[in-house]
Amino acid sequence: MTSVRGPTHVTLQFVNLSDNGVLFKIDCDVNCNDPTATVEVVLKLPLLVVPEPGMYAAELLCDEEPIGTYRVKAIELL
């Protein structure tokens, strides 16, 4: 992340896009006094289990505002 100014609350959540249900959510706080610096955060993620095929998203929120998303399509393997 860039443009971090002082203490900032960050949330990573994995969401089922069919019903907006949150499958997991991880909160952490980051702090940086140089907004031009890159801040890296390492989080231990739980085992990723999807209940059904469909579209999901990993969403990154900063102070409750979305700042990034990565969509994942889960398919059933036969």
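First things first, this report covers the structure right here in the doc. Since the model is a prediction, treat every value here as computed from it, not as a measurement. (Residues numbered from 1 in each chain as written. Predicted model: local features only at pLDDT ≥ 70, side-chain atom pairs only at ≥ 80, totals over all residues. Heavy atoms only, no water.)

Structural notes on the packing of aromatic side chains
Okay, step 1: Enumeration according to the criterion identifies two aromatic pairs in this entry.
Okay, step 2: The interplanar angle of 15 degrees and the centroid separation of 5.9 Å between the aromatic rings of F14 and F24 together place this pair among those described as stacked. Of the two residues, F14 sits in strand β1 (residues 6-16) while F24 sits in strand β2 (residues 21-32), which places them ten residues apart along the sequence.
Okay, step 3: Classification of F24 as buried rests on a relative accessible area of 16%.
Okay, step 4: When the centroid spacing of 5.7 Å and the interplanar angle of 5 degrees are considered together, the rings of F14 and Y56 count as stacked. Here F14 is found in strand β1, whereas its partner Y56 is found in strand β3 (residues 54-62), with 42 residues between them in sequence. Summarising the burial analysis for this pair, F14 and Y56 share the class buried.
Okay, step 5: Members of the aromatic cluster, joined through ring pairs, are F14, F24 and Y56. (Phe/Tyr/Trp six-rings, centres within 6.5 Å; stacked < 30°, edge-to-face > 60°. Helix = DSSP H or I, 4+ residues; strand = E, 2+ residues; numbered from the N terminus. Buried < 20%, exposed > 50% of the residue type's maximum accessible area, 1.4 Å probe, protein only.)

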